[in-house]
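Structural characterization, general
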Amino acid sequence: MLIRNATLPDGRRRDVRVDGEQIGAVGEALSGAAGEREIDATDKRLLPGMIDAHVHFRQPGYPHKETWTTGSQSAAAGGVTTVVDQPNTDPPTVDGNAFDRKADLAAESLVDFGLNGGVSPAWDPDSLLDRPVFALGEVFLADSTGDMGIDERRFRDALAAAAEADVTVTVHAEDASRFNLGARDRTDADAWSAYRAARAEIDAVERVCALASEYDVDLHIAHASTPEAIDAAGAAGISTEVTPHHLFLSRSSLGDLGTHGRMNPPLRREKRRERVYDRVRNGQVDIIATDHAPHTSEEKDADIWDAPSGVPGVETVLPLLLEEARRDHLTYERVRDLTAANPAALFDLPRKGRIAPGYDADLVLVDPEATREIHATDLHTKCDWTPFEGWQAVFPEVTMVRGAVVYERDDEDFADHQGRNVRLARDVTQEAPQPDAHAPTDGELSSASAGTAQPDLDDTGADDEVAEPSGDDTETDDVVAEPGDEVQ
């Protein structure tokens, strides 16, 4: 295939040749070849496919919520070409046999994938780490879906095992001892945010940072929801991810979302959301990952203390970010770094995340002006709702995985394609291809751009959240409060 006159994230217009599974050439006015399909990409953007390092595709155990087929189709339709599945399935992925069972199911994936291994009181590190795990985690420091919360002793064991196996550890950082028990008397949708207080995340991340210095292991903080946690991790040299729901939604959104807006960690106040967005924009946050955690609408339509935690997002994340770039709130280079170049670098995927010769032809073609509303009825996840109903987004026209067109929006058609475990790929141990030193490479990390927050979100700083009953914790700025004066 030859994609002609595409605008790359850095603004250069180039032809891009796909040769088998890889990018064969990037240049100006490339000559065509006999039998080669050509796509006219004039006025369109070509990006490397997103690497979503945090999804829950629910198999084995919960196929009514999602399957590898539906989840990976949803990913492809949203421009995600690699997903990393988390271990809190049933059975949990905490030993070699459970890993093998999940790997068999993942063979149905349309996109490339990685499988994380989990840590629990019943885990078997010897058999688990003998498998091609993508990373160890997310390691739950407080209970979430799947009841896999562990104590510090077991967390230390996990760090030691990961260091020996040279495997990254991803951490769900919340300290249950800092949950606000006073909120348990409430029944409104905001009660969950009041209960799993911001202080619980901040303290847990600070503790993880302290422990990290004792072990020779790479750590990554999953779904950071507070600016303080992002700052603490950055100061310790630990990478962070932010989800689209923590980037775009806040406790102000719960009036509309109700219990559908319950997730772990929960939504924060609007002022905090703005400061998280600032850190995404300015480069302090390393990657965007969805924490795609589907539950049916019927399951979510329950009491706030009974509704399951989690929201879907794998199909809408890149379209939402592309809409932000269209509005000049983020640069296309920053979107590329957050979704492709940085995840590939962090998690050692040397042939993914860039548009350059020799890299996997994981490509997404979009018309940046073709914005449309998000509606759950148009999405492909088995989950039957979205927290971004009615939002504007820019969806891909074409998605390719290793050179194969897996999705074309005009046809609403998915290819018969088999994704591959990226830890089993033939080139995992090889160094990344070296681009021409005299030409800029689209995958080179760019500095973050300045910009303004999305205008249809509240960026006034006003405290317009759900009214708090007396005794609820109060909002402060980035100053860390003293014990007894918890921040939310």
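Note that this is a predicted model, so its numbers are computed, not measured.

**Here we look at helix H10 (residues 270–282)**
Under the 1.5 Å per step criterion, the end-to-end length of H10 is 18 Å for 13 residues, consistent within 8% with the ideal 18 Å. Among the residues of H10, Glu-270, Arg-272, Arg-273, Glu-274, Arg-275, Val-276, Tyr-277, Arg-279, Val-280 and Arg-281 are the ones counted as buried. Looking one or two places after H10, you find Gly-283, whose phi comes out positive at around 100°.

**Regarding the sheet that holds strand S11 (residues 219–221)**
Here five strands make up an open sheet; going across it, the order is S9-S10-S11-S12-S13 and the pairing parallel. Here the strands that pair on one side only, and so sit at the sheet edges, are strand S9 (136–140) and strand S13 (287–288). Pairing of S9 with strand S10 (residues 169–172), which is carried by three bridges, proceeds in the parallel orientation. In the sheet register, Leu-136 faces S10, and the bridge partner there is Val-169.

**A closer look at the packing of aromatic side chains**
What the rule picks out here adds up to 12 aromatic pairs. When the centroid spacing of 5.4 Å and the interplanar angle of 80° are considered together, the rings of Tyr-195 and Trp-305 count as edge-to-face. Taken together, the residues Tyr-195 in helix H5 (residues 191–195) and Trp-305 in the loop between helix H11 (297–300) and helix H12 (317–326) connect sequence positions 110 residues apart. Classification of Tyr-195 as buried rests on a relative accessible area of 13%. Accessibility expressed as a relative area gives 17% for Trp-305, which makes it buried. Taken together, the ring pairs in this structure connect Phe-179, Trp-192, Tyr-195 and Trp-305 into an aromatic cluster. One residue, Arg-45, lies across the ring of Tyr-332, its end atom 3.9 Å from the ring centre. When the ring centre of Phe-395 is taken as origin, the NZ or CZ atom of Arg-372, which lies over that ring, is 4.2 Å away.

**Describing the environment of Arg-131**
Among the secondary structure elements, Arg-131 is positioned in the loop between helix H3 (125–128) and S9. In the structure, Arg-131 is positioned 35 residues away from Gly-96 in sequence and 6.5 Å away in space, judged by C-alpha atoms. When near neighbours in sequence (up to four residues on either side) are disregarded, Arg-131 contacts Gly-96, Asn-97, Phe-99 and Asp-100.

**Description of the sheet that holds strand S6 (residues 50–55)**
Within the open sheet, the three strands sit side by side as S6-S7-S8. Their pairing is parallel. Only two strands of the sheet have a single partner each, and these edge strands are S6 and strand S8 (112–115). Direction aside, neighbouring strands of the sheet carry axes that sit 20° apart on average. As paired elements, S6 and strand S7 (residues 80–85) share four bridges and run parallel to each other.

**What about helix H2 (residues 96–106)?**
Those residues of H2 not exposed but buried are Gly-96, Ala-98, Phe-99, Lys-102 and Ala-106. Within H2, the buried residues cover an arc of 155° as seen down the axis, which keeps them to one side. For H2, the exposed residues lying more than 90 degrees away from the buried face are Asn-97 and Asp-104. Where H2 is buried, its residues meet helix H1 (68–77), S7, S8 and H3. In this structure Asp-95 caps H2, since a side-chain oxygen of it lies 3.2 Å from the backbone nitrogen of Asn-97.

**A word on the pattern of salt bridges**
Note on pairing: side chains with opposite charge can pair once their charged atoms come close. Under the criterion given, the structure shown has 36 salt bridges. Of the charged contacts, one joins Arg-326 and Glu-323 as a salt bridge, the two residues approaching to 2.8 Å between their closest N and O atoms. In this pair, Arg-326 and Glu-323 both sit in helix H12, three residues apart, roughly one turn of the helix. By relative accessible area, Arg-326 is classed as partly exposed at 29%. Salt bridges sharing partners connect three or more residues here, namely Glu-21, Asp-112, Lys-352, Asp-360, Asp-362, Arg-402 and Arg-420.

**Some thoughts on the packing of helix H7 (residues 227–235) against H10**
At a closest axis distance of 8 Å, the pairing of H7 and H10 adopts a crossing angle of 35°. Here Pro-227, Glu-228, Ile-230 and Asp-231 of H7 lie close against H10, whose contacting residues are Arg-272, Arg-275, Val-276 and Arg-279.

**Quick word on the side chain of Asn-264**
Checked against the element boundaries, Asn-264 lands in the loop between helix H9 (254–257) and H10. Residue classification places Asn-264 among the buried residues on the basis of a relative accessible area of 5%. In this structure the side chain of Asn-264 is engaged in a polar contact, spanning 2.8 Å, whose partner is the side chain of Trp-192. Only 3.2 Å separates the side chain of Asn-264 from the side chain of Ser-309, close enough to count as a polar contact.

**Focus on the side chain of Asn-116**
Looking at where Asn-116 falls in the secondary structure, it is placed in the loop between S8 and H3. A residue is classified by how much of its surface remains accessible, and Asn-116, at 1% relative accessible area, is buried. At a separation of 3.0 Å, a polar atom in the side chain of Asn-116 contacts the main-chain carbonyl oxygen of Gly-137. Among all residues touching Asn-116, those that are not within four sequence positions of it are Val-84, Asp-85, Gln-86, Pro-87, Thr-93, Phe-134, Ala-135, Gly-137, Glu-138 and Thr-170.

**Some words on the packing of helix H6 (residues 198–212) against H7**
It is the contact of H6 with H7, at a shortest axis distance of 9 Å, that shows an interaxial angle of 5°. What the angle tells us is that H6 and H7 run roughly parallel. Where H6 abuts H7, its residues Glu-201, Ile-202, Val-205, Glu-206 and Cys-209 lie against Glu-228, Ala-229, Ala-232 and Ala-233. When the residues that make up the contact of H6 with H7 are grouped by side-chain class, the tally is six nonpolar, no polar and three charged.

**Brief notes about unusual backbone geometry**
Outside of glycine, negative phi angles account for most residues, and trans bonds account for most peptide bonds. Cis rather than trans, the peptide bond between Gln-59 and Pro-60 has omega equal to 0°. Note on placement: Pro-60 falls in the loop between S6 and H1. With an omega of 5°, the peptide bond between Asp-90 and Pro-91 qualifies as cis. Of note, Pro-91 is situated in the loop between S7 and H2. Backbone geometry at Ala-29 places phi at a positive 50°, although glycine is not the residue there. By the element assignment, Ala-29 lies in the loop between strand S3 (22–27) and strand S4 (38–40). Positioned with a positive phi, Asp-348 is a non-glycine residue whose angle comes to about 60°. Relative to the helices and strands, Asp-348 resides in the loop between helix H13 (332–346) and strand S14 (363–366). For Asp-348, a relative accessible area of 47% corresponds to the partly exposed category.

About the cut-offs
- Residues numbered from 1 in each chain as written.
- Predicted model: local features only at pLDDT ≥ 70, side-chain atom pairs only at ≥ 80, totals over all residues.
- Heavy atoms only, no water.
- Helix = DSSP H or I, 4+ residues; strand = E, 2+ residues; numbered from the N terminus.
- Expected span 1.5 Å × (residues − 1).
- Buried < 20%, exposed > 50% of the residue type's maximum accessible area, 1.4 Å probe, protein only.
- Pairing = 2+ DSSP bridges.
- Phe/Tyr/Trp six-rings, centres within 6.5 Å; stacked < 30°, edge-to-face > 60°.
- Lys NZ or Arg CZ within 6 Å of the ring centre and 35° of its normal.
- Contact = heavy atoms within 4.5 Å.
- Axes fitted to C-alpha atoms, helices over the stretch in contact; angles between N-to-C directions.
- Arc of directions from axis to C-beta.
- Polar contact = N/O pair within 3.5 Å; in protein donor to acceptor, adjacent residues only side chain to side chain.
- Salt bridge = Lys/Arg side-chain N within 4 Å of Asp/Glu carboxyl O.
- Parallel < 35°, antiparallel > 145°, perpendicular 65-115°, else oblique.
- Nonpolar A, V, L, I, M, F, W, Y, C, P; charged D, E, K, R; others polar.

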